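Residue strings, one per chain:
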Amino acid sequence: MSVEQPVPARLPASDVSAGVGLSGVVGLLVWLMICRNWPAITDAFGLPGPRQRLDGASAALAALLFSGTPMVLWSLLVDKVQLRPSTGIDWNNPRPLRDVVTISITKIAGLWTTWGLIAVLYCLGRWYWRGAYLFAMNILGVAAPLMVLLSIPYVLWLDRVLVNPRDGAWHFGAMLIGREPYSRAEVAHHLRGWAVKGFFCAFMISILPAGFMGVVAFDWNAAWHMGPVALTNVMVETMFMIDVQIAMVGYLVTMKPLDAQIRTANPYLGGWVAALMCYPPFILMGGGDVLDYRPNTAEWNYWLAGHDTLLWIWGAALVVLTAIYAWATVAFGLRFSNLTYRGVLTNGPYAFTRHPAYLAKNSFWWLASMPYLATSGSLVDVIRNTVTLGLVSAVYFWRAKTEERHLLAEDAKYRDYYAWMAQHGLITAPLTKLWRRLTARRQELQL
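Scope of this entry: the structure provided in the associated data block. Quick caveat: nothing in here was measured; it's all calculated off a predicted structure.

Some points on the overall build of the protein
When its secondary structure is counted, the protein shows 16 helices and two strands. Here the C-alpha atoms of the protein give a radius of gyration of 24 Å, agreeing with the 22 Å that 2.2 N^0.38 yields for 447 residues. Projected onto the principal axes, the alpha-carbon positions of the protein cover approximately 80 × 75 × 45 Å. Within the protein, the fraction of its 447 residues that count as buried is 46%. Summing over all exposed atoms, the protein offers an accessible surface of approximately 22300 Å²; the carbon and sulfur share of this is 67%. Taking the average location of the 35 positive side-chain charges in the protein and that of its 26 negative ones, the two points are 5 Å from each other.

Now the structure itself:
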């Protein structure tokens with residue numbers, strides 16, 4: 001982006017209101033309390049069944065309804081997102097069904113083929129059939145026939161009111177059928193969007209149950225007597241559970257009537273490489289991998305053991321950082337997704353920095369892992385682990401820059417947001433000024 005980009009007088013309005021995500025958190029917490037207190041509820045109402053907490057995988061899936069439904073209702077009833085021009089829908093001028101049925105058939109052919117390709121890729125990936133991923137495959141196997149059946153009435157209904165029903169799915173279907181001209185750019189956009197959904201939905205579903213089950217089963221009363229480490233761990237786990245639940249809803253409801261559709265998926269190879277190396281099976285930060293910074297290290301509680309005041313302060317900092325990380329996801333409401341443009345977010349933590357999640361996550365790792373100390377006492381380990389975690393942070397800086405490049409090319413509002421943050425953002429503005437001074441000094445030295 002050019003430094004000559006004019007700075008708007010005020011922070012641009014966000015495409016997502018704060019109420020969307022907050023309503024989802026409230027719904028999620030209500031379900032969490034129901035699950036934790038299920039024995040008392042069954043006794044009070046004389047309900048049949050076992051008298052135990054609902055801490056199974058089914059309860060974790062049901063949590064998606066309790067978090068997603070309030071967000072959908074808030075979006076439709078309060079924000080009225082379905083009336084925005086960005087949906088591409090004209091509710092006032094529905095077409096007769098006979099005028100769109102051919103278009104819809106072509107689109108359905110494109111959708112079904114896309115889902116078939118994703119299914120084939122799932123079959124080819126061995127990692128999808130072991131460990132936590134096996135749960136995701138079972139869920140998607142049950143959901144697939146329902147998606148196929150429900151896609152028929154949904155596409156027919158939606159095509160009647162779309163201003164341009166010939167979207168990416170239609171272009172892909174047209175390419176397959178071979179009877180009408182199609183746009184390769186639209187096909188590529190369609191396939192990139194579904195590649196994001198296919199990859200991240202499987203991953204998110206696989207990690208969904210563990211966090212929820214852990215929070216439901218935890219004895220909060222005991223935590224207050226177990227000291228700062230136990231309390232910090234359960235609060236951090238709770239924040240991550242909220243993050244995963246809200247993010248999962250975002251991946252599931254990429255729908256135009258909710259104005260939550262994927263406008264574009266990141267078209268830059270660098271963006272995909274930077275993102276995918278942070279997730280299995282491509283992750284490079286795992287045990288023994290290239291960017292593993294944990295050999296011969298210990299967590300914060302090991303190094304601060306016996307210093308209760310420091311443990312409380314350090315634990316509080318970790319909880320705050322995790323809360324900011326979860327807040328960054330909650331702020332997206334129905335629109336959370338990696339590698340996509342689904343509107344511009346300017347409120348919540350995004351009013352302070354353009355990348356609050358990355359900043360909070362990396363700060364958490366530095367404080368929690370403390371790679372600058374080694375249990376082996378080896379200076380080599382200290383240098384290696386510190387530099388390696390620095391490289392991990394550099395990967396997230398790379399992710400941030402590729403995301404900015406994508407959004408700057410897509411939306412004038414994001415360009416205004418980018419310029420405003422560089423000038424006024426509480427965290428972004430000082431960093432931007434420091435970077436400009438450093439680069440200006442470097443140019444002077446080169447001359």
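Focus: the environment of Trp-91
Along the chain, Trp-91 falls in the loop between helix H3 (57–78) and helix H4 (97–124). Beyond its immediate chain neighbours, meaning those up to four positions away, Trp-91 contacts Gln-82, Leu-83, Trp-157, Val-161 and Pro-257. Engagement of the side chain of Trp-91 in a polar contact is seen with the backbone oxygen of Gln-82, the distance being 2.7 Å.

Side note on empty space enclosed by the protein
Taken as a whole and judged by the stated rule, the model has two cavities of 30 Å³ or more. Reported here for the largest cavity is a volume of approximately 70 Å³. Contributing to the lining of the largest cavity are Asp-15, Val-16, Ser-17, Val-20, Ser-75, Asp-79, Val-81, Arg-84, Leu-258, Phe-332, Leu-334 and Arg-335. For the lining of the largest cavity, the residue count by class is six nonpolar, two polar and four charged. The calculated volume of the second largest cavity comes to roughly 40 Å³. Lining the second largest cavity are Thr-106, Ala-174, Ile-177, Gly-178, Arg-179 and Glu-180.

Observations concerning the environment of Asp-159
Relative to the assigned elements, Asp-159 resides in helix H5 (residues 133–159). Separated by 84 residues in the primary sequence, Asp-159 and Ser-75 have C-alpha atoms spaced 21 Å apart. Those residues in contact with Asp-159 that sit more than four places away from it in its chain are Arg-95, Val-100, Ile-103, Ser-104, Lys-107 and Pro-165. Separated by 2.7 Å, the side chains of Asp-159 and Ser-104 make a polar contact.

Concerning unusual backbone geometry
Cis geometry is found at the peptide bond from Pro-280 to Pro-281, where omega equals 5 degrees. Mapped onto the secondary structure, Pro-281 falls in the loop between helix H10 (269–276) and helix H11 (300–303). We note that Asp-259 has phi near 55 degrees; this positive angle belongs to a residue other than glycine. With respect to the helices and strands, Asp-259 occurs in the loop between helix H9 (228–252) and strand E1 (264–265). Positive phi is not limited to glycine here, since Met-370 has a value of about 50 degrees. By the element assignment, Met-370 lies in the loop between helix H13 (356–369) and helix H14 (379–410).

Here we look at the nonpolar core
Formed by 83 residues in total, the largest nonpolar core has its most connected members in Phe-212, Met-248, Tyr-251 and Leu-334. The next biggest cluster of nonpolar side chains, apart from the first, holds ten residues, and it includes Leu-311, Leu-318, Phe-364 and Met-370.

Focus on a nonpolar patch on the surface
On the surface, Trp-327, Phe-352, Leu-359, Leu-426, Ile-427 and Leu-431 cluster together into a nonpolar patch covering about 560 Å² of accessible area. Relative accessible area serves as the criterion here: at 31%, Ile-427 is assigned to the partly exposed category.

A closer look at the packing of H4 against helix H6 (residues 168–177)
For the pair H4 and H6, interaxial distance at closest approach is 7 Å and the crossing angle is 90 degrees. By the angle class used here, H4 and H6 are roughly perpendicular. Every residue of H6 that contacts H4 at Ile-103, Thr-106, Lys-107, Ala-109, Gly-110, Leu-111, Thr-113, Thr-114 and Leu-117 is listed here: Ala-169, Trp-170, Phe-172, Gly-173, Ala-174, Leu-176 and Ile-177. Taken together, the residues of the contact of H4 with H6 sort by class into ten nonpolar, five polar and one charged.

A word on helix H1 (residues 18–36)
Along its 19 residues, H1 runs 27 Å from first to last C-alpha, staying within 8% of the 27 Å computed at 1.5 Å per residue. Taken residue by residue, H1 has Gly-19, Val-20, Gly-21, Ser-23, Gly-24, Val-25, Gly-27, Leu-28, Trp-31, Leu-32, Cys-35 and Arg-36 as its buried positions. Looking at the buried residues of H1, the elements they touch are helix H2 (38–45), H3, helix H7 (184–217), helix H8 (220–223), H9 and helix H12 (308–330).

Points about H7
Relative to the 50 Å expected for 34 residues at 1.5 Å per residue, H7 spans 50 Å between its end C-alpha atoms, a close match to the ideal helical length. Taking the backbone nitrogen of Ala-185 as reference, a side-chain oxygen 3.3 Å away marks Ser-183 as the first, capping residue of H7.

What about the packing of aromatic side chains?
With the rule as written, the count across this model stands at 23 aromatic pairs. When the ring of Trp-31 is compared with that of Phe-66, the centres are 4.4 Å apart and the planes differ by 20 degrees; the resulting orientation is stacked. With Trp-31 in helix H1 and Phe-66 in helix H3, this residue pair connects regions lying 35 residues apart in the sequence. With a relative accessible area of 30%, Phe-66 lands in the partly exposed category. Ring centres of Phe-240 and Tyr-325 lie 5.8 Å apart, and the angle between their planes is 70 degrees; on these two criteria the pair is classed as edge-to-face. Separated by 85 residues along the polypeptide, Phe-240 in helix H9 and Tyr-325 in helix H12 bring together distant segments of the chain. The exposure class assigned to Phe-240 is partly exposed, which follows from its relative accessible area of 34%.

About the cut-offs
Residues numbered from 1 in each chain as written. Predicted model: local features only at pLDDT ≥ 70, side-chain atom pairs only at ≥ 80, totals over all residues. Heavy atoms only, no water. Helix = DSSP H or I, 4+ residues; strand = E, 2+ residues; numbered from the N terminus. Rg over C-alpha atoms; globule rule 2.2 N^0.38 Å. Buried < 20%, exposed > 50% of the residue type's maximum accessible area, 1.4 Å probe, protein only. Areas by Shrake-Rupley, 256 points an atom, 1.4 Å probe, with all protein chains shown as cover. Lys, Arg positive; Asp, Glu negative; His and termini not counted. Charge placed at Lys NZ, Arg CZ, Asp CG, Glu CD. Contact = heavy atoms within 4.5 Å. Polar contact = N/O pair within 3.5 Å; in protein donor to acceptor, adjacent residues only side chain to side chain. 1 Å grid on protein atoms, 1.4 Å probe; cavity = no way out; pocket = protein on both sides within 12 Å on 5 of 7 lines; lining within 4 Å. Points joined across faces, edges and corners; volume = space filled by probe spheres on them. Nonpolar A, V, L, I, M, F, W, Y, C, P; charged D, E, K, R; others polar. Core = buried A, V, L, I, M, F, W, Y, C linked by side-chain atoms within 4.5 Å. Patch = residues over 30% accessible without salt bridge, like charges linked within 9 Å, V, L, I, M, F, W, Y side chains within 5 Å. Salt bridge = Lys/Arg side-chain N within 4 Å of Asp/Glu carboxyl O. Axes fitted to C-alpha atoms, helices over the stretch in contact; angles between N-to-C directions. Parallel < 35°, antiparallel > 145°, perpendicular 65-115°, else oblique. Expected span 1.5 Å × (residues − 1). Phe/Tyr/Trp six-rings, centres within 6.5 Å; stacked < 30°, edge-to-face > 60°.

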